[in-house]
Amino acid sequence: MNKEFLDYVTHLPAVDAHEHLRLEEVRLKKKPDAIWLFHQYANADLRSAGMSEATLAEVMDTARPLDLRWKKFKPFFERIRHTGYSMAVLYALRDLYGCERLEDGTIRSVSERILAENKPGMIDRFLRQKGRITHILNANYQTEQPTPYCSAVMPFFFLTATLPHNPAAWVKELETVSGAPVTDAASCVEAIVALFRRYAAQRVVALKMISFAWPAGSRSDADAALRKIREGKSLSRDEAFLSSSFLMAESLKRVPEFGFTVVAHCGYSSGVNYPFDGANVRNMWPLMQANPEVRFDLLHLNYPWVDEAIATAKAYTNAHLNLAWLPILNPAVAERVVAEIVHCVPANKVLALGGDYWELPDVAYGHLLLGRETLARGLDRCVEAGTLTYSEARRVAEMWLSENAFETYPLLK
Ligand SMILES: [Zn+2]
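Now for a description of the structure that goes with this document.

Cut-offs used in this document
- Residues numbered from 1 in each chain as written.
- Predicted model: local features only at pLDDT ≥ 70, side-chain atom pairs only at ≥ 80, totals over all residues.
- Heavy atoms only, no water.
- Helix = DSSP H or I, 4+ residues; strand = E, 2+ residues; numbered from the N terminus.
- Contact = heavy atoms within 4.5 Å.
- Pairing = 2+ DSSP bridges.
- Expected span 1.5 Å × (residues − 1).
- Buried < 20%, exposed > 50% of the residue type's maximum accessible area, 1.4 Å probe, protein only.
- Arc of directions from axis to C-beta.
- Polar contact = N/O pair within 3.5 Å; in protein donor to acceptor, adjacent residues only side chain to side chain.

### A closer look at the side chain of S251
Within the secondary structure, S251 is located in helix α12 (residues 237–252). Here S251 is in contact with F156, F158, I192 and F196, once residues within four sequence places are set aside.

Below, the structure is given as structure tokens:
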């Protein structure tokens, strides 16, 4: 690996193209320590390695004594020390909290340091200053953002069980925004457009959905579902999906008036003991075909079905690839796919970085650094193979890390 090239890629200004960062006050209320930094994605690896749900709850409870928790955490941590989920945490411990190796002799001192650093301005210190992040596309699903360079991504979810959890409350909210009753599919779509208008005034840049296998719902499915909601009845799963697919298809037609990008979760789901094949990039094909004016940012390279995402970005003029989460899901795949994407997909259609954390801007820093490394190593492989020069590789890195974000998200400023 060419050290100079690695340095170039790790120091470039970059756009963090996918986060869920909550307002900082949420994190400031916590009593974080080194174990707690494993609570988001890494908790799945701890469970996968054999930790029980009860032990997980115990070790993540920072009100309990650290020594007792560390004793229970350590054997499982040693099993997951080398996974990407852990690497993101360990990079943060090393670069932000000065801990070279998490072990018996360092757990207490690094935890004290984490608590001492739990003060306002964390996103700025960790991501903007240390991580050289200039903009953050932030799906915290609220228009209020933790920093001025976070841009809001709002939910593009309908009457399914995913979100809103309560369809009746969602319909009520739409009525408040639009100032008109939502009685059927037509009035619901108009209310959604009123919501879009409000989003546009609030600097929202994108809407986020999930690439479920949406069934072909009709207007009468949506009319019937909205009638049931008004009568206080709940929807079956089929009714929810059929009505949602119709409302989604109709409101997608209105997205170009506002310029929002549509972000779609594709592939793997976090957690354990869960079927993770529900969201596939293939499900986006009909929506992309029907809406050629809408830009679709396809998340996570549809891992583990990465070939399908790469082919999709090649085949659809409005498909973009977002590699957020991939570097920690599987760092070796994130490195390998660089050559496959470079030599298959136009260079303007890829966003390389996204941290994907809610309350962990420090671990997001670790994730983004790992993402820069896998990108640099993947590009270096191309240079080694003689298919790119270093100057071409640098250009690809500049586009994937920053420039492309402004093309994929025209509202990003
Ligand atoms: Zn996400």
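### With respect to the sheet that holds strand β5 (residues 261–265)
Two strands in a sheet stick together by hydrogen bonds in their backbones, pointing the same way (parallel) or opposite ways (antiparallel). Strands sit in the order β1-β2-β3-β4-β5-β6-β7-β8 across an open sheet of 8 strands; the sheet is parallel. Edge positions in the sheet fall to β1 (14–19) and β8 (350–351), since each of these pairs with one other strand and no more.

### Some points on helix α9 (residues 167–178)
Here α9 spans 16 Å end to end across 12 residues, near enough to the 16 Å set by a 1.5 Å rise per residue. Every buried residue belonging to α9 is among P167, W170, V171, L174 and V177, and all of these are buried. Relative to the axis of α9, the buried residues are bounded by an arc of 120° and lie together on one face. For α9, the exposed residues lying more than 90 degrees away from the buried face are K172 and T176. Structurally, α9 contributes buried residues whose contacts are with α10 (185–201) and α11 (219–230). Here α9 starts with a cap whose side-chain oxygen sits 3.0 Å from the backbone nitrogen of A168, and that cap is N166. G179 sits one or two positions beyond α9 and adopts a positive phi of about 70°.

### Let's talk about the side chain of H265
Among the secondary structure elements, H265 is positioned in strand β5. Owing to a relative accessible area of 14%, H265 belongs among the buried residues under this scheme. Within the structure, H265 has its side chain in polar contact with the side chain of H300 (distance 3.3 Å). Not counting chain neighbours up to four residues away, the residues in contact with H265 comprise K208, M209, I210, S211, A279, L299, H300 and W325.

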